[in-house]
Amino acid sequence: MGQFGKYYSKMTYFLLKDVLTEEEQKELLRRVSTKFGHKTKFLSNVIPEEQTGIEIDLTETNLVNDFKTIVCNQVKKYYGSEYDSNNWWVSISNPTTTVISHKHMDGGLSAVFYLQAEGDCGAFELEDYSEILQPRTGDLLIFPGYCYHKVSENKSNKSRICLVFDLEKANK
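About the criteria used
- Residues numbered from 1 in each chain as written.
- Predicted model: local features only at pLDDT ≥ 70, side-chain atom pairs only at ≥ 80, totals over all residues.
- Heavy atoms only, no water.
- Pairing = 2+ DSSP bridges.
- Helix = DSSP H or I, 4+ residues; strand = E, 2+ residues; numbered from the N terminus.
- Axes fitted to C-alpha atoms, helices over the stretch in contact; angles between N-to-C directions.
- Buried < 20%, exposed > 50% of the residue type's maximum accessible area, 1.4 Å probe, protein only.
- Contact = heavy atoms within 4.5 Å.

Here the focus is the sheet that holds strand 7 (residues 131-133). Taken together, four strands build an open sheet; the order of strands is 4-9-6-7 and the sheet is antiparallel. Edge positions in the sheet fall to strand 4 (99-102) and strand 7, since each of these pairs with one other strand and no more. Direction aside, the axes of adjacent strands within the sheet are offset by 15° on average. The pairing of strand 6 (residues 124-126) with strand 9 (residues 149-151) spans three bridges and is classified as antiparallel. Residue Leu126 lies in a different strand from strand 9, and its bridge partner there is His149.

So, on to the side chain of Gln25. Counting through the fold element by element, Gln25 comes out in helix 1 (residues 22-36). Overall, the relative accessible area of 12% leaves Gln25 in the buried class. In this view, Gln25 contacts Leu20, Phe113, Leu115, Thr137 and Gly138; residues no more than four positions away in its chain are not counted.

Scope: geometric values only; no functional claims are made or implied.
Structure, rendered in structure tokens:
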């Protein structure tokens, strides 16, 4: 797995760079595109409850399982508790797509891993913290699920492809 690069934090969210190597990112994007690409509805200015995502079977590949382990270890490091996730989906946003303000769940964390995010593909705004981030391919953003967030218009000529997931405290 790749080395973690820059870390930005207000102790409420963090953005990690270079979570996977470039080869691992390409392989994960290839697997997502091959398995799910033909089944995924592209998003276009819809409310989150109407977005069509595709759940990923985490037992399917070692790469996805390894990635899940990295994410859960980093969450434990920065939040001090163990979290787990079995709720993952793919979000594909074509050019001109926006995502309106929404939140996920009150008691857990939400995360976005950017498989393809090039150019002006849409800024991610954490409204509760007045933070605007411009994630790039390979970035992992984790934030409290209760935070309202939105994504500005994808003005690039490529789709933004993300692996999105929610994390809940592990039962011990």
